[in-house]
Amino acid sequence: MINYAFSIYDLEYFLLILVRVSCFVFIAPFFSMSNTPRRIRAAFSICTALLLYQALTPGEVVAYETTLEYAVIVVKEAVTGLLIGFSANVCTAVVNFAGSIADMETGLSMVTLMDPTTRENTSITGVLYQYVLMMMLIASGMYRYLFGALADSFVLIPINGAVFRGESLLKVVVAFLGDYVILGFRIVLPIFCVILLLNAVLGILAKVSPQMNMFAVGMQLKILVGLSVLFLTAGMLPGMADMVFQEIRDLTAAFVGAMR
C-alpha cells in the first residue's frame with residue numbers, strides 16, 4: 001500500500017505552483033494552440049508542477065492569515081505565469097505582422113484564411129511564416145528554453161514574491177513595440193524592396209506608354225514577383241526564426257526582471 005502523507009501547507013504550496021505553471025502553459029507558444037487538447041495541457045501542467053514541487057519544496061510556509069489573502073496570492077501567481085507566457089507568445093505575432101505587410105505589397109491583402117490554431121482571419125503569407133516559424137522553433141529547442149525559463153522564474157520570483165512595477169512593465173512593453181515593428185520590416189524587407197522597385201518601373205512605363213493599362217498589368221506582376229521573391233528568400237527563414245527566438249529570450253528576461 002502506498003502511504004504518502006503531506007501537510008495542508010505543502011498542498012497549498014503545490015497549488016500555487018500549479019497556478020503559475022497552468023497559466024503559463026495555456027498562453028505559451030505551441031501549447032496555447034487550439035489544436036492542442038485541453039486535457040493534454042492540463043495533464044502537462046500537473047506533471048510539470050509536480051516536478052517543480054519536488055525541486056522547490058519550501059523551507060517555510062507561505063504566510064497568510066485569511067482566505068482573501070490566499071486568493072490574492074493565487075491571483076499574483078496567475079498573473080506571473082500569464083506575463084511570462086505572454087512575453088513568449090506575443091513575439092511570435094511578429095511574423096503575422098510581416099505577412100500582412102507582404103500581402104499588402106503584393107496585392108494579396110484581400111485574401112485571408114481562417115487559421116484553425118488561433119481562430120482568426122490571417123493573411124496567406126502570415127500563415128506560412130507562422131507555421132514555418134513554429135516548426136523551426138520546436139526543432140531548435142524552444143520548448144526547452146521556455147520551461148527552463150519557467151523553472152528559473154521560481155528562483156528569481158519565489159512564491160508570493162512577485163512585485164508588479166507598473167513603470168518597469170510599461171518600459172518593457174514600449175521597448176518591445178519598437179522591436180516589433182523593426183523585426184516585422186526586417187523579415188519582409190526583401191519583398192518590400194522588390195515591390196518598391198517594381199512600382200517605380202511601372203510608374204516609368206505609365207509615363208512612357210500611357211495607352212497601357214498599368215493597373216491590370218501591375219496587379220499580375222506584383223503577385224508573380226512577390227511569390228518569386230518569397231520562394232527565393234526561403235533560405236532566409238532560419239534567420240527569421242533566430243531573430244524571433246532572441247526576441248523571446250530578451251522579452252522574457254525583461255518581464256521577469258520587471259516583476260522581481
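As a reminder, the structure under discussion sits directly above these lines.
Residues numbered from 1 in each chain as written. Predicted model: local features only at pLDDT ≥ 70, side-chain atom pairs only at ≥ 80, totals over all residues. Heavy atoms only, no water.

Novice: Lay out helix α5 (residues 124-139) with the relevant residues and their values.
Specialist: Look at α5: 23 Å from first C-alpha to last across 16 residues, which is about the 22 Å you get at 1.5 Å a residue. Within α5, the full set of buried residues consists of T125, G126, V127, Y129, Q130, V132, L133, M134 and L137. Just downstream of α5 lies G141, where phi reads positive at about 90 degrees. (Helix = DSSP H or I, 4+ residues; strand = E, 2+ residues; numbered from the N terminus. Expected span 1.5 Å × (residues − 1). Buried < 20%, exposed > 50% of the residue type's maximum accessible area, 1.4 Å probe, protein only.)

Novice: So, the side chain of T106: which residues are in play, and what are the values?
Specialist: Structurally, the position occupied by T106 is in helix α4 (residues 94-106). Note on T106: relative accessible area 5%, which makes it buried. Among the polar contacts listed, one links the side chain of T106 to the backbone oxygen of A102, at a separation of 2.9 Å. Setting aside residues no more than four positions away along its own chain, T106 makes contact with I191, I195, K222, I223 and G226. (Polar contact = N/O pair within 3.5 Å; in protein donor to acceptor, adjacent residues only side chain to side chain. Contact = heavy atoms within 4.5 Å.)

Novice: Can you break down the pattern of salt bridges residue by residue, with the values?
Specialist: Close approach of charged atoms allows side chains with opposite charge to pair. A complete count under the given rule lists two salt bridges for this structure. Across the salt bridge formed by E77 and R20, the nearest N and O atoms sit 2.7 Å from each other. In this pair, E77 sits in helix α3 (residues 67-92) while R20 sits in helix α1 (residues 8-25), placing the two residues 57 residues apart along the sequence. Residue E77 is classed as buried on the basis of its relative accessible area of 0%. (Salt bridge = Lys/Arg side-chain N within 4 Å of Asp/Glu carboxyl O.)

Novice: Report on the packing of α1 against helix α2 (residues 38-55), specifying residues and quantitative values.
Specialist: The N-to-C vectors of α1 and α2 enclose an angle of 130 degrees; their axes lie 8 Å apart at closest approach. In this view, α1 runs oblique relative to α2, as classed from their interaxial angle. For the pair α1 and α2, the sense of crossing is right-handed. Residues D10, Y13, F14, I17, L18, V21, S22 and V25 of α1 pack against R41, F44, S45, I46, T48, A49, L50, L52 and Y53 of α2. In the contact of α1 with α2, the residues fall into twelve nonpolar, three polar and two charged. (Axes fitted to C-alpha atoms, helices over the stretch in contact; angles between N-to-C directions. Parallel < 35°, antiparallel > 145°, perpendicular 65-115°, else oblique. Left-handed = near helix turned anticlockwise from the far one by under 90°. Nonpolar A, V, L, I, M, F, W, Y, C, P; charged D, E, K, R; others polar.)

Novice: Would you mind going over a nonpolar patch on the surface in detail, with residue names and values included?
Specialist: Side chains of I8, Y9, L11 and L15 sit close together on the surface and give an oily, nonpolar patch of about 360 Å² of accessible area. Note that L15 resides in helix α1. What makes L15 partly exposed here is its relative accessible area of 36%. (Patch = residues over 30% accessible without salt bridge, like charges linked within 9 Å, V, L, I, M, F, W, Y side chains within 5 Å. Areas by Shrake-Rupley, 256 points an atom, 1.4 Å probe, with all protein chains shown as cover.)

Novice: Tell me about the side chain of S153, and please be specific about residues and values.
Specialist: As for its placement among the helices and strands, S153 is situated in helix α6 (residues 142-156). A distance of 2.4 Å separates a polar side-chain atom of S153 from the backbone oxygen of L150. Among all residues touching S153, those that are not within four sequence positions of it are R20, I84 and P158.

Novice: Pulling in residues and values, what's your account of the nonpolar core?
Specialist: Counting residues in hydrophobic clusters, the biggest one holds 67 residues, and the most contacted among them are I17, F24, Y129, F154, I187, I191 and I248. With residues near it in sequence (within four places) discarded, I187 still touches V94, V95, A98, Y129, M240 and M243. (Core = buried A, V, L, I, M, F, W, Y, C linked by side-chain atoms within 4.5 Å.)

Novice: Any details on the packing of aromatic side chains? Residues and values, ideally.
Specialist: Going through the model one piece at a time under the given rule, you end up with eight aromatic pairs. Note on F14 and Y53: the rings are 6.0 Å apart at their centroids and 85 degrees apart in plane angle, and the pair reads as edge-to-face. Of this pair, F14 sits in helix α1 while Y53 sits in helix α2, and the two are 39 residues apart along the sequence. As far as the burial class goes, F14 and Y53 line up, both buried. Pairing Y145 with F245 gives two aromatic rings, centres 5.9 Å apart and planes at 80 degrees, and the pair type is edge-to-face. One end of the pair, Y145, is in helix α6; the other, F245, is in helix α9 (residues 237-258), and 100 residues separate them in sequence. An aromatic cluster of at least three residues, connected via ring pairs, comprises F97, F176, Y180, F185 and F192. Above the ring of Y145, the side-chain terminus of R249 is found at 5.6 Å from the ring centroid. The ring of F245 has R249 lying over it, and the distance from NZ or CZ to the ring centre is 4.5 Å. (Phe/Tyr/Trp six-rings, centres within 6.5 Å; stacked < 30°, edge-to-face > 60°. Lys NZ or Arg CZ within 6 Å of the ring centre and 35° of its normal.)

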